[in-house]
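Observations on the three-dimensional arrangement
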Amino acid sequence: MCLLGKVFGKDNDKSLNLKYPFIDAKNIAAIICCHVIKDNKPILYVSHDADDGMWQFLCGGSHEEKDAMVVSLHKVYLHDTSVSSIATLPLGGVAERKDINSTWQIYRK
Ligand SMILES: [Zn+2]
């Protein structure tokens, strides 16, 4: 029998086993749209602003200022761990995907 299986059993929060992928601190502020948080829409557009280093995670729809929410980068990651694949997006970079199963298209703004 496997003792490790008992200690690290399936009751553990699986997010604990995933490595936080960003070089930015977990507690830095990031912008996420309310559609992702409240309506559970997928993140389809990410930008890493060159001027202030701010990360933005949007659903890909159209947005007004009131749709933006400020959360910690760690919260974004816990909400959708698939953002780990664009965690190295450089300053001034944008990543977009058509849907959650598509690969990210990365370009500069
Ligand atoms: Zn949105």
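Just above, that's the structure.
These remarks concern the structure in this document. Here the structure is a predicted model, which means the values were calculated and not measured.

What follows is about unusual backbone geometry. One non-glycine residue, Asn-40, lies in the positive phi region at around 60°. Secondary-structure assignment places Asn-40 in the loop between helix H2 (34-38) and strand E2 (45-48).

Further remarks concern the sheet that holds E2. Spatially, E4-E1-E3-E2-E5-E6 is the arrangement adopted by the six strands of the open sheet, whose pairing is mixed. Strand pairing shows two members of the sheet lacking a second neighbour, strand E4 (68-72) and strand E6 (105-108), which therefore form its edges. Strand-to-strand twist across the sheet, computed as the mean angle between neighbouring axes with direction ignored, equals 20°. Pairing of E2 with strand E3 (residues 55-58) involves four bridges; the strand directions are antiparallel. Bridge pairing in E3 places His-48 opposite Trp-55.

Residues Val-46, Phe-57, Val-76 and Val-83 are the most contacted members of the largest nonpolar core, which totals 16 residues. Looking at this core, the elements with two or more residues in it are strand E1 (29-33), E3 and helix H3 (73-79).

Thresholds applied
Residues numbered from 1 in each chain as written. Predicted model: local features only at pLDDT ≥ 70, side-chain atom pairs only at ≥ 80, totals over all residues. Helix = DSSP H or I, 4+ residues; strand = E, 2+ residues; numbered from the N terminus. Pairing = 2+ DSSP bridges. Axes fitted to C-alpha atoms, helices over the stretch in contact; angles between N-to-C directions. Core = buried A, V, L, I, M, F, W, Y, C linked by C-beta atoms within 7 Å. Buried ≥ 20, exposed ≤ 12 C-beta atoms within 10 Å, placed from the backbone.

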